[in-house]
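Fold and contact review
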Amino acid sequence: MPFDRYMSMALYEPGLGYYVNGLHKFGPGGDFVTAPEQGTLFAASLARQIDAVAGALGDGWSVLELGAGSGALSRDLLERLQQPPAQYLIVEPSAVLRQVQAKTLAALPTPLQGRVEWLDAPPADPFSGVMVANEVLDALPVARFALTDQGWVEHCVAYNGHRLVWQPRPPRRRLEQAIERLAGKLGRRLPTGYTSELSLNLAGLIETVTAPLARGLVLLIDYGYPRDEYYHPQRSDGTLVCHYRHRAHFEPFAWPGLTDISAFVDFTAAAEAGAGAGLEVSGFTSQAGFLLGLGAADALALAGNERERLKLAGELKRLTLPAEMGEKFKVLGLTRDLDQPLEGFEMMSQLHRL
């Protein structure tokens, strides 16, 4: 079985997959904590950028969030946006996660709750607004490949009678073509034994989800690297990482359905996919650069008391320090028909790295 098929089953198989089996995933009692669950600074900064775009879009604009997780970001954005959107659309195919999100959003005032709508897929009708995908692309299934003395191989999943194991085989034609394109863009030969991943469906996903956006901004926030760093010769075993009860591990065959499986994002590929879908690549920076550029640090001076200030300082450190989330996470901004400065990308622009 190709690894991307295995990863898709382990994460999304109805009733059994990690994201659809009803077990707790997010926050201190789950397997990992995303930026929105750190506190309110992340959403407050994001709201500042969205408010600026909303001012350029005028009335009737919408927010579309892909994979809203626990619903914390949806709730905090709706509470902090100065001009709430006409609609807050959540694309969430998991019925279990919809229930989690609905419970989180129940704390909102009734008028704001009334603006929320869940969808199985992006809307068919065009809209103007802002699309947000926070830690979504890393959960997109990836194919696994390696370079041997005989050429490229695909690492598939097999059962040896006792457990799941890696099994090399000649790559599928689609994967082989993708590897050849990647090798051509890198412009250098990777060392024998080099192993990594490719997301074969990244471009298709970005094209599909952004197709209804007639005018506005797309924010893709995730852990990842530009292509040259992703496929650096020293990163010779790829970027696959699993999470179980707040511990990272590197055994994707351990506890399938109970452990999260993800891969870092190739942000150069994501930018190329956006451009191929008719969007403009308008910004790229680290999460630290994005949040600090939007004044996240200013919240400390506005704290009502010392206890609140210390809480916000701890949150700011986790979100922005290089050893925490600040550099590992990146933010990519794609726009369509939007002539609007994007404040979050101006302080530490890293477009040149793409």
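The structure we're discussing is the one just above.
Residues numbered from 1 in each chain as written. Predicted model: local features only at pLDDT ≥ 70, side-chain atom pairs only at ≥ 80, totals over all residues. Heavy atoms only, no water.

Side note on the side chain of glutamine 350
Relative to the assigned elements, glutamine 350 resides in the segment after β15 (329–336). Judged by its relative accessible area of 10%, glutamine 350 falls in the buried class. For glutamine 350, the side chain forms a polar contact with the side chain of arginine 353, separated by 2.3 Å. The residues contacting glutamine 350, other than those within four sequence positions of it, are Phe284, Thr285, Ser286 and Glu327. (Helix = DSSP H or I, 4+ residues; strand = E, 2+ residues; numbered from the N terminus. Buried < 20%, exposed > 50% of the residue type's maximum accessible area, 1.4 Å probe, protein only. Polar contact = N/O pair within 3.5 Å; in protein donor to acceptor, adjacent residues only side chain to side chain. Contact = heavy atoms within 4.5 Å.)

A few points about the packing of helix α7 (residues 202–210) against helix α9 (residues 267–276)
Two numbers describe how α7 lies on α9: the axes approach to 9 Å, and their chain directions differ by 45°. Here α9 runs oblique to α7, going by the angle between their axes. The handedness of the crossing between α7 and α9 is right-handed. From α7, Leu202, Ala203 and Ile206 reach across to α9, where they touch Ala269, Ala270, Ala273 and Gly274. Split into classes, the residues belonging to the contact of α7 with α9 amount to six nonpolar, one polar and no charged. (Axes fitted to C-alpha atoms, helices over the stretch in contact; angles between N-to-C directions. Parallel < 35°, antiparallel > 145°, perpendicular 65-115°, else oblique. Left-handed = near helix turned anticlockwise from the far one by under 90°. Nonpolar A, V, L, I, M, F, W, Y, C, P; charged D, E, K, R; others polar.)

Some details on the layout of surface pockets
In this model, the largest pocket occupies a volume close to 1,200 Å³. Surrounding the largest pocket, 50 residues form its lining, Tyr19, Glu135, Val136, Asp138 and Ala139 being those nearest its centre. At the level of secondary structure, the elements contributing two or more residues to the lining of the largest pocket comprise β1 (62–66), α3 (72–80), α7, β10 (241–244) and β11 (247–249). At three residues, the largest contribution of residues to the lining of the largest pocket is made by α7. Classifying every residue of the lining of the largest pocket by side-chain character gives 28 nonpolar, 11 polar and 11 charged. Empty space within the second largest pocket amounts to approximately 490 Å³. If you trace the second largest pocket, you find 25 residues lining it, with Leu198, Ser199, Leu202, Ala203 and Ala269 closest to the centre. Counting only elements with at least two residues in the lining of the second largest pocket, the list comes to α6 (173–186), β8 (195–198), α7, α8 (227–230), β13 (265–266) and α9. Counted by class, the lining of the second largest pocket contains 16 nonpolar, one polar and eight charged residues. (1 Å grid on protein atoms, 1.4 Å probe; cavity = no way out; pocket = protein on both sides within 12 Å on 5 of 7 lines; lining within 4 Å. Points joined across faces, edges and corners; volume = space filled by probe spheres on them.)

A look at the state of the cysteines
The final tally for this structure, using the stated rule, is zero disulfides. Looking at cysteine 156, it has no disulfide partner, and the nearest cysteine sulfur is the one in cysteine 242, 17 Å off. Judged by its relative accessible area of 3%, cysteine 156 is buried. In this structure cysteine 242 comes out as buried when scored by relative accessible area, which is 1%. (Disulfide = S-S within 2.5 Å.)

Here we look at the pairing of β10
Examined bridge by bridge, β10 and strand β12 (residues 260–262) share three bridges and lie antiparallel to one another. Across the sheet, the residue bridging to cysteine 242 is isoleucine 261, located in β12. Bridge count between β10 and β11: three bridges; the pairing is antiparallel. Residue pairing for β11: histidine 243 is matched across the bridge by alanine 248. Counting the residues that bridge the hairpin from β10 to β11 gives two residues, and of these arginine 245 lies at a positive phi of roughly 50°. (Pairing = 2+ DSSP bridges.)

Points about empty space enclosed by the protein
Summed over all chains, the structure comprises one cavity of 30 Å³ or more. For the largest cavity, the calculated volume is near 50 Å³. Along its surface, the largest cavity is lined by Leu66, Ala133, Leu137, Leu205, Ile206, Val209, Thr210, Val218 and Leu220. Among the secondary structure elements, those contributing two or more residues to the lining of the largest cavity are α7 and β9 (213–225). Element by element, the count of residues in the lining of the largest cavity is highest for α7, at four residues. Tallied by class, residues from the lining of the largest cavity come to eight nonpolar, one polar and no charged.

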